[in-house]
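# Working through the structure, step by step
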Amino acid sequence: QVQLVESGGGLVQAGGSLRLSCAASGRTFSIYGMGWFRQAPGKEREFVAAISRSGGNTYYADAVKGRFTISRDNAKNTVYLEMNSLKPEDTAVYYCAAGRAGWGPPFMIIDIKKYDYWGQGTQVTVSS
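Described below are features of the structure shown in this document. Owing to the predicted nature of the structure, the values given are computational and were not obtained by experimental measurement.

## Examining the packing of aromatic side chains
Inspection of the entire model under this criterion finds 6 aromatic pairs. Here the aromatic rings of phenylalanine 37 and tyrosine 115 are separated by 5.1 Å at their centres, their planes lie at 80°, and the arrangement is edge-to-face. With phenylalanine 37 in strand β4 (residues 33–39) and tyrosine 115 in the loop between α1 (106–109) and β10 (117–118), the pair connects residues that are 78 residues apart, well separated along the chain. Per residue, the accessibility class of phenylalanine 37 equals that of tyrosine 115, and both read buried. Taken together through their ring pairs, the aromatic side chains of Phe37, Phe47, Tyr59, Tyr115 and Trp118 make up a single cluster. Over the aromatic face of tyrosine 95 sits the side chain of arginine 45, whose NZ or CZ is 3.8 Å from the ring centroid.

See the structure below:
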């Protein structure tokens, strides 16, 4: 088992930046691939970014590519999402997720079913 707790969300103006953190506990962090997902009101949860167990591979949704950066620090049991050039369309609850499945092609990486554990979410609101 692993417990995940997100933090760093808040209110920011369009064009601004936020850095989300996800702290993990309960098991060895380095065995998990990690992902970030988001869910806006009235919409389904969607993939944002993922990083492999060692941090050597990353993948991003087209909507955030070039603006967001995912990273991890296994010594601190923490994964991060740096969000720049934020847009009102980025407004959502952001969730951290962990999965034990190995790295694969994009259709596997973006699949919610790949992930076994989820945090409680942190709200990100971008004003126009």
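## Examining the environment of arginine 72
Residue position: arginine 72 is located in strand β7 (residues 68–73). Among the residues examined, arginine 72 registers a relative accessible area of 13% and is labelled buried. A sequence separation of 43 residues divides arginine 72 from phenylalanine 29, and the C-alpha atoms of the two residues are 10.0 Å apart. Dropping the residues within four chain positions of it, arginine 72 is found in contact with Phe29, Ser30, Tyr32, Gly33, Met34, Ile51, Ser52, Arg53, Ser54, Gly55, Thr78 and Val79. At a separation of 3.2 Å, a polar atom in the side chain of arginine 72 contacts the main-chain carbonyl oxygen of phenylalanine 29. For arginine 72, the side chain forms a polar contact with the main-chain oxygen of arginine 53, separated by 3.4 Å.

## A word on the side chain of lysine 114
Looking at the secondary structure, you find lysine 114 in the loop between α1 and β10. For lysine 114, which is buried and forms no salt bridge, the nearest opposite charge comes from aspartate 116, at a distance of 8.0 Å. Lysine 114 has contacts with Gly99, Ala101, Gly102, Met108 and Ile109, leaving out every residue within four places of it along the chain.

## Focus: the environment of serine 128
Residue position: serine 128 is located in the segment after β11 (122–127). For serine 128, a relative accessible area of 89% gives the class exposed. Residues serine 128 and glutamine 13, spaced 115 residues apart in sequence, show a C-alpha to C-alpha distance of 6.4 Å.

## Considering the state of the cysteines
For the structure shown, the criterion picks out 1 disulfide. Between cysteine 22 and cysteine 96 runs a disulfide, and the two sulfur atoms are separated by 2.1 Å. Its S-S torsion of about -85° marks the bond between cysteine 22 and cysteine 96 as left-handed, since a negative value means left-handed. Residue cysteine 22 is found in strand β3 (residues 18–25), and its partner cysteine 96 is found in strand β9 (residues 92–99); the two are separated by 74 residues along the sequence.

Rules and cut-offs
Residue numbers run consecutively from 1 along every chain, following the written order of its sequence. It should be noted that, the model being predicted, local features are given only for residues of pLDDT at least 70 and side-chain atom pairs only at 80 or more, the latter also being counted only at that level, while totals for whole chains, interfaces and linings use all residues. Just so you know, side-chain values use all the structure's heavy atoms and leave hydrogens and water out. By convention, a stacked pair of Phe, Tyr or Trp rings (six-membered ring in the case of Trp) has centres within 6.5 Å and planes under 30 degrees apart, an edge-to-face pair has planes over 60 apart, and any other such pair is tilted. In DSSP terms, a helix is any run of H or I states spanning at least four residues, a strand is any run of E spanning at least two, and both are numbered starting from the N terminus. Residue exposure (1.4 Å probe, protein chains only): buried if accessible area is under 20% of the type maximum, exposed if over 50%, otherwise partly exposed. The criterion is that NZ of a Lys, or CZ of an Arg, lies within 6 Å of the ring centre and within 35 degrees of the ring normal, and then a charge sits over that ring. Contact between two residues is taken to exist if any of their heavy atoms lie within 4.5 Å; hydrogens are not considered. We call two N or O atoms a polar contact when they sit within 3.5 Å, provided that within protein one can donate a hydrogen and the other can accept it, with sequence-adjacent residues counted only if both atoms are side-chain atoms. Charge assignment: positive for Lys and Arg, negative for Asp and Glu; neither His nor the chain ends contribute. Salt bridge criterion: a side-chain nitrogen from Lys or Arg within 4 Å of a carboxyl oxygen from Asp or Glu. Our working definition of a disulfide is a cysteine sulfur pair at a distance within 2.5 Å.

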